[in-house]
Amino acid sequence: MSQACQGILVNIDINSVVYPFLNQVAQQEQITEADLYPFIDQYADTQVTDIALNVFCQYSNTPSAIITDAYHKYEQRMENGHSVDYTATFSGIYKLWRVKQLDVYAIWFRRSRELGLKSWLSVRMNDAHEPDGKTSFLRSAFSYTARAQGWVIGADYGYYRFCLDYTQPVVRHLMLTYLAEQLDRYDVDGLELDWLREIYCFDYLHQPEAAATMNEFMRQVKTLICHAENKWGHKISLMVRLMRDIEQNKVFGFDVRTWVKEDLVDVIAVGPRWNSCDSAMPLQDWKALCGSKIPVFACLEILVNRASHLAFATADVARGYATQYLHAGADKIYLYNYFQNPYRQADERNSIYRTCGDLTALKLLPRRHIVTWQDLCPEGYLPYKPLPCQIGAADCFHLDLQTGPIRPDQSVKLIFGLNKNDHAADASLRVNGNTCSEMKKTTIQSFDGAQDIMGNNGYVDADTQLYTCNVQAVLLPDSQQIEIKNTGSQSLTLTYVELDILFAIEGGQMT
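The structure displayed is predicted, hence computed values, not measured ones. (Residues numbered from 1 in each chain as written. Predicted model: local features only at pLDDT ≥ 70, side-chain atom pairs only at ≥ 80, totals over all residues. Heavy atoms only, no water.)

Regarding the packing of aromatic side chains
To keep it simple, the criterion reads: Each Phe, Tyr or Trp ring, with Trp reduced to its six-membered ring, pairs with another whose centre is within 6.5 Å; inter-plane angles below 30 degrees give stacked pairs, above 60 give edge-to-face pairs, and intermediate values give tilted ones. Working definition: helices are DSSP H or I runs of at least four residues, strands are E runs of at least two. Numbering for both runs from the N terminus. Any residue under 20% of the maximum accessible area for its type is buried, any over 50% is exposed, and the rest in between are partly exposed; the area is computed with a 1.4 Å probe on protein chains only. Geometrically, a charge over a ring is one whose NZ (Lys) or CZ (Arg) sits within 6 Å of the ring centre while staying within 35 degrees of the ring normal.
A full pass over the atoms with the stated rule returns 30 aromatic pairs. Between tyrosine 166 and tryptophan 195, the ring centres sit 5.4 Å apart and the planes meet at 70 degrees, which makes this aromatic pair edge-to-face. Of this pair, tyrosine 166 sits in the loop between α6 (141-149) and α7 (169-185) while tryptophan 195 sits in the loop between β6 (190-194) and α8 (211-232); the two residues are 29 residues apart in sequence, bridging distant segments of the chain. Tyrosine 166 gets classed as buried once you look at its relative accessible area, which sits at 0%. Residue tryptophan 195 is classed as buried on the basis of its relative accessible area, which comes to 0%. A cation over an aromatic ring shows up here: arginine 147 above the ring of phenylalanine 162, its NZ or CZ 3.7 Å from the ring centre. One residue, arginine 241, lies across the ring of tyrosine 336, its end atom 3.6 Å from the ring centre.

Following this line, the structure appears as structure tokens:
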């Protein structure tokens, strides 16, 4: 890692790679703590500086006397009046704890510290997964009690209708006692409150003053942190993960300005929820609010520009967003859903771990800047969503695409997508006032030549035709001004925009 490396935080969720790894470890006849090390060791010698281990969604993955935990889920045979059997899912973690007396997370937190990685206890404060099923391996007994008692935000919120309502004292008490229990159990460097799973903690459509309730909750969490610091004898940082916009967070009930003013938080991570990375998060607003006293982390989701399918970020795509946000002042890059099982075949996420935390190195590497959109927005506000866009006859589409600096010796290509029935010859493209040249049809591929996970056109819908052209312009240090003018008599439907930055090769070496 270079001396100037800002670093990467990786958030590892409660089950996606945890259970496959633990189930494999548990099959061994002789098991020691060292058998659990590879789960953390895979991030050593990368640009990863922080590991956030998620321990709670709707149940606890750690032993708990407060709420249903993974060990109870293993033993559970009836749920919501239905027969269930989750033994296959939870067999590994159950055996390691109940039979081998190994506290998996205590070992992982300790191993992180041994490797010089900052360890975070991450809690999803209001997870909404699988709301429609009669049963779910994700649900605690409290989930059903909350539904029956009306301690949820209600039907107006669709998928999020069973999110816990934090105006209910019993909900706040449950979460505070759980946080206190876990902080007493584990010696960690920080606690993360993941409010993006989910930010629907209040019936905000009918309770516009909910922020005062959340402010008091945050003060109580800060008190819990102080008690834990006294027990463990060191600083424990408090991080919150929130949506992209400061004022929109307050609409949902999260008054970040008060938290900053009262020194209630130590780190703020901002990002999208899930459907897409966000190519235009207003990081400058957060830096202005937080100044130099509170670091701001920029979150990248694993999904990019999700429309009708899943399209995952390749290394060159992640490098584009990382370059953009580190240049804009992000103190670290926060990777959400970029985890992997060390016992599975390594993929290009290894490249992401090794390149996306160092702005100096990123400037030398090929990267892609894909225009995306804001995937979470309160009612009454217009989300950032520049595409798709209808360009009328003789009209012009304008966009400032944040890229960070581009070296003079790097070649740049503009990729854009139109409806297949549109006449691409009617599109005139300019970047920073200069006309682009050599427009031709193209497909999307990674720079190494491999197709994206969903095929050649992984980030676009089937009715889009992609085109590429060379950018011949004086490149600006922060963002590039893109203009697409319709010179024809029929409207054009612009569906996709991407700027590719390649690197120069001299004597077989990357410059």
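Details of the pattern of salt bridges
Any two side chains of opposite charge can pair, so long as their charged atoms come close to each other. Applied cut-off: Salt bridge, as used here: a side-chain nitrogen of Lys or Arg that lies within 4 Å of a carboxyl oxygen of Asp or Glu.
On inspection of all chains with the given rule, the structure shows 26 salt bridges. Ionic pairing is found between glutamate 301 and arginine 197, a salt bridge with its closest N-O pair at 3.8 Å. Here glutamate 301, found in strand β9 (residues 296-301), pairs with arginine 197, found in the loop between β6 and α8; they are 104 residues apart in sequence, far enough to count as distant. Like arginine 197, glutamate 301 is buried. When the shortest N-O distance is used, the salt bridge between arginine 407 and aspartate 409 registers 2.7 Å.

Describing the sheet that holds strand β13 (residues 396-402)
Strand pairs in the sheet, formed through backbone hydrogen bonds, run parallel or antiparallel to each other. Here is the rule we go by: Following DSSP output, two strands are said to pair if at least two bridges run between them.
In space, the 4 strands of this open sheet follow the order β13-β19-β15-β16, with antiparallel pairing throughout. Each edge of the open sheet carries a strand with a single partner, namely β13 and β16 (434-435).

As for the pairing of strand β18 (residues 464-470)
Summarising burial for β18: 7 of the 7 residues are buried, a large majority. A two-sided burial pattern is seen for β18, the buried positions comprising Thr464, Leu466, Thr468 and Asn470 on one face and Gln465, Tyr467 and Cys469 on the other. For strand β14 (residues 412-419) and β18, the ladder comprises 7 bridges, and the chain directions are antiparallel. Looking at β18, one finds that leucine 414 is bridged to cysteine 469. Pairing analysis gives 4 bridges linking strand β17 (residues 437-442) to β18, with the strands arranged antiparallel. In the sheet register, lysine 440 faces β18, and the bridge partner there is threonine 468.

Looking at unusual backbone geometry
Geometrically, the link from arginine 197 to glutamate 198 is a cis peptide bond, its omega value of -5 degrees lying close to zero. Relative to the elements of secondary structure, glutamate 198 occurs in the loop between β6 and α8. Cis geometry is adopted by the peptide bond preceding proline 388, which originates at leucine 387 and carries an omega value of 0 degrees. Here proline 388 lies in the loop between β11 (367-370) and β12 (389-391). Of note in the backbone geometry, asparagine 80 takes a positive phi value of approximately 55 degrees without being a glycine. Its location among the elements puts asparagine 80 in the loop between β3 (78-79) and β4 (82-83). For asparagine 80, a relative accessible area of 44% translates into the label partly exposed. Within the chain, alanine 394 stands out as a residue other than glycine whose phi angle is a positive 70 degrees. Tracing the chain through its elements places alanine 394 in the loop between β12 and β13. Owing to a relative accessible area of 56%, alanine 394 belongs among the exposed residues under this scheme.

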